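# Examination of the molecular architecture
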Amino acid sequence: MQSGLFDAWWKQLAQRFLEGFILLLHPTLHGMIDWSVPPVFLDKELQPIRPKRRKRLLVDMLIRVQLKTGEARLILIHIEVQAVRDALFPERMFRYFARLYLQYDLPIVCIALLVDRNPRWRPQRFVYEMAGCRLQFEFVSVKLLDFDPQALEQSNNPCALLFLAFLRAQETEGNPDLRLEARRHLAILARERGYNESVIVYLDELLEGIMSLPEIFEQQYEELLEEYKREKQSPFISAAERIGLRQGLQQGLQQGLQQGLQQGLQQGLQQGLQRAILNVLRARFGKVPTPLKRAVSRIKDIETLQRLSEASATVESLDQFQKSLPKRSRSAARAASESPAP
């Protein structure tokens, strides 16, 4: 797997499951954070120290969090995912720290997540010394290879399953047969953990990216999951339903980005969830009645739409889905469906 693509999936994992991600990387820090206050992912481009020097400096992940009561203050968490050995990496971590310290004037925790395959490469400090002046900067260094696969598999933390996916992706590179079986095992494990449908959708998408397979093996993978579904009578969504959900969300978020950051993303997320719900219903039950489409399109509340997106993947019929609509939307859909055609 290419390093840049590998890094991208780590970033998506952190954005979706940040609390579980921090718990695995730094349990002590996890216990210090007030998770009732939503973390904020910040702009990753740091301003140059000298205005005339326009060199861009990007960090992988920069998150602002609040500590618990009694230590109530904001801190920054800088997480850098490094997939290849680099002799200059410790110095780069110090440069990131220096820029962040000057730009934000907040306490900073710097974490390096080392996902390379060299067990001996473990950078954790940068030392500078000149004519009696000495600087030593230390950062938290976490090695993916140090995680116990058995402990990851037994953990209820969804992030643990994805850490295991990265390990299995490395182990099965170039061997699609082994990767197919490893990915199937992880997908089934996610379902047996009892996660809700929205979590399973994200896990499936990340597993697909982390443990990508040639097209013919992707088809086998979907067939194996369908077989498991039939055996266990499990209501998890199929490939077509998952694709519909993903496409709906992506289209809506893209519209949001085009319309403007705050209001546009809100509206884009609404539209994306609405499309996702209808895509899943269409994939599962065929044609969706127009009154039901209109009822879904009138719902604007994000939490309600998220609840309905889960319902669309688990209900046994369109009638059952209609009963899960808010009372006003349900009444409107029923009245429209009972009205005689003009």
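Predicted model only: the values in this text are computed from it and were never measured. (Residues numbered from 1 in each chain as written. Predicted model: local features only at pLDDT ≥ 70, side-chain atom pairs only at ≥ 80, totals over all residues. Heavy atoms only, no water.)

Looking only at helices and strands, one finds 15 helices and nine strands in the protein. Across the 342 residues that make up the protein, the buried fraction comes to 46%. Here the analysis covers contacts within the protein between residues at least 6 apart in sequence; of these, 63% occur between residues at least 24 apart. (Helix = DSSP H or I, 4+ residues; strand = E, 2+ residues; numbered from the N terminus. Buried < 20%, exposed > 50% of the residue type's maximum accessible area, 1.4 Å probe, protein only. Contact = heavy atoms within 4.5 Å.)

Two side chains that carry opposite charge are able to pair once their charged atoms sit near each other. Enumeration over the complete set of coordinates arrives at 12 salt bridges. One salt bridge connects Asp 86 with Arg 92, and the closest N-O pair in it is separated by 3.0 Å. The exposure class assigned to Asp 86 is partly exposed, which follows from its relative accessible area of 23%. Glu 171 is the salt-bridge partner of Arg 168, the closest N and O atoms lying 2.9 Å from each other. Residue Arg 168 and its partner Glu 171 are located together in helix H6 (residues 158-171), separated by three residues, close to a single helical turn. (Salt bridge = Lys/Arg side-chain N within 4 Å of Asp/Glu carboxyl O.)

Taken together, Tyr 128, Met 130 and Leu 135 make up a surface patch of nonpolar side chains, about 280 Å² in accessible area. Checked against the element boundaries, Tyr 128 lands in strand E7 (residues 125-130). (Patch = residues over 30% accessible without salt bridge, like charges linked within 9 Å, V, L, I, M, F, W, Y side chains within 5 Å. Areas by Shrake-Rupley, 256 points an atom, 1.4 Å probe, with all protein chains shown as cover.)

Before going further, it helps to spend a moment on helix H4 (residues 89-104). Taking 1.5 Å of rise per residue, 16 residues should cover 22 Å, and H4 covers 22 Å from first to last C-alpha, within 8% of that figure. Among the residues of H4, Phe 89, Pro 90, Met 93, Tyr 96, Arg 99 and Leu 100 are the ones counted as buried. Asp 105 sits one or two positions beyond H4 and adopts a positive phi of about 55°. (Expected span 1.5 Å × (residues − 1).)

Residue placement: Asn 157 occurs in the loop between helix H5 (149-154) and H6. With relative accessibility at 11%, the residue Asn 157 sits in the buried group. Looking at Asn 157, its side chain comes within polar contact range of the main-chain oxygen of Gly 20, at 3.0 Å. Sequence-distant contacts of Asn 157, defined by excluding residues within four places in its chain, comprise Gly 20, Leu 23, Leu 24 and Tyr 195. (Polar contact = N/O pair within 3.5 Å; in protein donor to acceptor, adjacent residues only side chain to side chain.)

Mean pLDDT over the protein stands at 82; residues scoring 70 or higher make up 78%. Here residues 49-54 is a poorly scored stretch, pLDDT under 50, and it has four contacts once near neighbours within four places are set aside; other chains count. (pLDDT = per-residue confidence, 0-100.)

It is worth spelling out the environment of Asn 196 at this point. Residue position: Asn 196 is located in the loop between helix H7 (176-192) and helix H8 (197-210). Classification of Asn 196 by relative accessible area gives partly exposed; the value is 36%. Sequence-wise, Asn 196 and Glu 310 are 114 residues apart; in three dimensions their C-alpha atoms are separated by 7.7 Å.

For the rest of this paragraph, the subject is the environment of Val 84. Relative to the elements of secondary structure, Val 84 occurs in the loop between strand E5 (74-82) and H4. Given the relative accessible area of 45%, Val 84 is considered partly exposed.

Pairing between the strands of a sheet is mediated by backbone hydrogen bonds and can be parallel or antiparallel. Judged by pairing direction, the sheet is mixed, and its five strands sit side by side in the order E1-E4-E5-E6-E9 without closing on themselves. Both edges of this open sheet fall to strand E1 (40-41) and strand E9 (140-143), since each of them pairs with a single strand only. For E1 and strand E4 (residues 61-66), the ladder comprises two bridges, and the chain directions are antiparallel. Each bridged residue has a counterpart across the sheet, and for Phe 41 the counterpart in E4 is Ile 63. (Pairing = 2+ DSSP bridges.)

As a further point, take the nonpolar core. The biggest cluster of nonpolar side chains holds 59 residues, and the ones touching the most others in it are Trp 10, Phe 21, Ile 79, Leu 162, Phe 163 and Ile 210. Tallying contributions element by element places H6 first for this core, with 10 residues. Aside from chain neighbours lying at most four places away, what touches Trp 10 is Phe 21, Met 61, Val 81, Leu 113, Val 115, Leu 144, Phe 163 and Phe 166. In this structure, Ala 295, Leu 308, Ala 311 and Val 315 belong to the second largest nonpolar core, which totals 17 residues. (Core = buried A, V, L, I, M, F, W, Y, C linked by side-chain atoms within 4.5 Å.)

Attention now goes to the packing of helix H2 (residues 18-25) against H6. One way to put it is that H2 packs onto H6 with a least axis distance of 8 Å and a crossing angle of 65°. Between H2 and H6, the crossing angle belongs to the class labelled roughly perpendicular. Between H2 and H6 the crossing geometry is right-handed. Contact residues: H2 offers Gly 20, Phe 21, Leu 24 and Leu 25, while H6 offers Cys 159, Ala 160 and Phe 163. When its residues are assigned to classes, the contact of H2 with H6 shows six nonpolar, one polar and no charged. (Axes fitted to C-alpha atoms, helices over the stretch in contact; angles between N-to-C directions. Parallel < 35°, antiparallel > 145°, perpendicular 65-115°, else oblique. Left-handed = near helix turned anticlockwise from the far one by under 90°. Nonpolar A, V, L, I, M, F, W, Y, C, P; charged D, E, K, R; others polar.)

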